Amino acid sequence: MAEGKQKRLVVVAVDDSEYSAKAWNWGVDNIFQPNDLVHVVHVYDKPRFTFGQYLTQNYKKLLEMSQQYQKEVAEISHKISTELIAKAKDKGCKATYVSKVLEVDEEEPKDMIVDYAKKNKATMVVVGTRGAGALGRAFHGSVSDYLVHHCHCPVIVVKH
């Protein structure tokens, strides 16, 4: 990379799926460069409680359940990121890595990834795809398809 040139910020959206791992590995083998800053981003939903739970359980119990869930998600996210980053380093990939966990509040996870990439001025986003096909995307939506159409930067979709 030329001297004085800004580092690239590569955002990689991950979860605990094999598709995510394949996208990461493809990024390690084909994209990440020594001067890159790579953000490993894991988005998760907050626990949602039903109206019945609010009626039958006290607030303290619901708060404890929510905190336990957040703790478990943080542990899983840390494990995913640590393993992916270790694999990249084992392959000799010398980029700088940062792990980010985003909690869904009112937005959808796909919107949060778009917002995160824009806010942090990402150079590109890398994401895996489950290969749902046109019918599956029509009924369930596709995070990768959404990112391609809504991100401000190039999105690399790694097929399954």
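Residues numbered from 1 in each chain as written. Predicted model: local features only at pLDDT ≥ 70, side-chain atom pairs only at ≥ 80, totals over all residues. Heavy atoms only, no water.

1. Side note on the overall build of the chain
Stated formally: In this description a helix means any DSSP run of H or I spanning at least four residues, a strand means any run of E spanning at least two, and both kinds are numbered starting from the N terminus. Burial status follows relative accessibility: with a 1.4 Å probe on protein chains alone, a residue under 20% of its type maximum counts as buried, one over 50% as exposed, and anything between as partly exposed. Should any heavy atoms of two residues lie within 4.5 Å, those residues are counted as being in contact.
For the chain, the helix and strand inventory stands at six helices and five strands. Counting from the amino terminus, the chain carries its helices and strands in the arrangement β-α-β-α-α-β-α-β-α-α-β. Of all 160 residues assigned to the chain, the portion counted as buried reaches 38%. Intrachain contacts of the chain at a sequence separation of at least 6 include 79% that bridge at least 24 residues.

2. Focus: the pattern of salt bridges
Selection criterion: Salt-bridge detection follows one rule: a side-chain nitrogen of Lys or Arg within 4 Å of a carboxyl oxygen of Asp or Glu.
Evaluated as defined, the whole model comprises four salt bridges. The salt bridge partner of Lys 91 is Asp 29, with a shortest N-O separation of 3.0 Å. With Lys 91 in the loop between helix H3 (59-90) and strand S3 (96-104) and Asp 29 in helix H1 (residues 18-30), the pair connects residues that are 62 residues apart, well separated along the chain. Across the pair Glu 83 and Lys 79 runs a salt bridge, and its minimum N-O distance is 3.2 Å. Of the two residues, Glu 83 and Lys 79 both sit in helix H3, four residues apart, roughly one turn of that helix. According to the relative accessible area criterion, Glu 83 is partly exposed, its value standing at 40%.

3. Notes on the environment of Lys 118
Its location among the elements puts Lys 118 in helix H4 (residues 109-119). For the pair Lys 118 and Cys 151, spaced 33 residues apart in sequence, the C-alpha separation works out to 7.3 Å.

4. Points about the packing of H1 against H3
Worth spelling out the cut-off: Here, axes are lines fitted to C-alpha atoms. For helices the fit covers the stretch in contact, and angles between N-to-C directions go from 0 to 180 degrees. We call two directions roughly parallel when the angle between them is under 35 degrees, roughly antiparallel when it is over 145, roughly perpendicular when it lies between 65 and 115, and oblique otherwise. Working rule for handedness: look at the near helix, and if it is turned counterclockwise from the far one by less than a right angle, call the crossing left-handed; if clockwise, right-handed.
Axis separation between H1 and H3 bottoms out at 10 Å; the angle between their running directions is 30 degrees. When the axis of H1 is compared with that of H3, the two are roughly parallel. Of the two elements, H1 crosses H3, and the hand of that crossing is right-handed. For the pair formed by H1 and H3, the contact residues are Ala 21, Trp 24, Asn 25 and Val 28 on the first element and Leu 84, Ile 85, Lys 87 and Ala 88 on the second.

5. Re the confidence of the model for the chain
Quick note on the threshold: As a per-residue measure, pLDDT reflects the predictor's confidence and takes values from 0 up to 100.
Mean pLDDT over the chain: 82, with 81% of residues reaching 70 or higher. No element of the chain has a lower mean pLDDT than helix H5 (residues 133-140), which averages 47, and none a higher one than strand S4 (residues 124-128), which averages 95.

6. A look at the packing of aromatic side chains
Put simply, the rule reads: We call Phe, Tyr and Trp rings a pair once their centres come within 6.5 Å, taking the six-membered ring for Trp, and we label the pair stacked below 30 degrees between planes, edge-to-face above 60, and tilted otherwise.
All chains considered together, the criterion is met by three aromatic pairs. Where Trp 24 meets Phe 32, the ring centres are 5.2 Å apart and the plane angle is 65 degrees; that geometry is what we call edge-to-face. On the basis of relative accessible area, Phe 32 is assigned to the buried category, the value being 8%. Ring geometry for Trp 24 against Tyr 97: centres 5.9 Å apart, planes inclined by 50 degrees, an arrangement best described as tilted. Of the two residues, Trp 24 sits in helix H1 while Tyr 97 sits in strand S3, which places them 73 residues apart along the sequence. Classification of Trp 24 by relative accessible area gives buried; the value is 0%. Judged by relative accessible area, which is 13%, Tyr 97 ranks as buried. Three or more aromatic residues joined by ring pairs form one cluster here, namely Trp 24, Phe 32 and Tyr 97.

7. Concerning unusual backbone geometry
In terms of backbone geometry, most residues other than glycine have negative phi values and most peptide bonds are trans. In this structure, Lys 121 is a non-glycine residue whose phi angle is positive, near 55 degrees. For Lys 121, a relative accessible area of 67% gives the class exposed.

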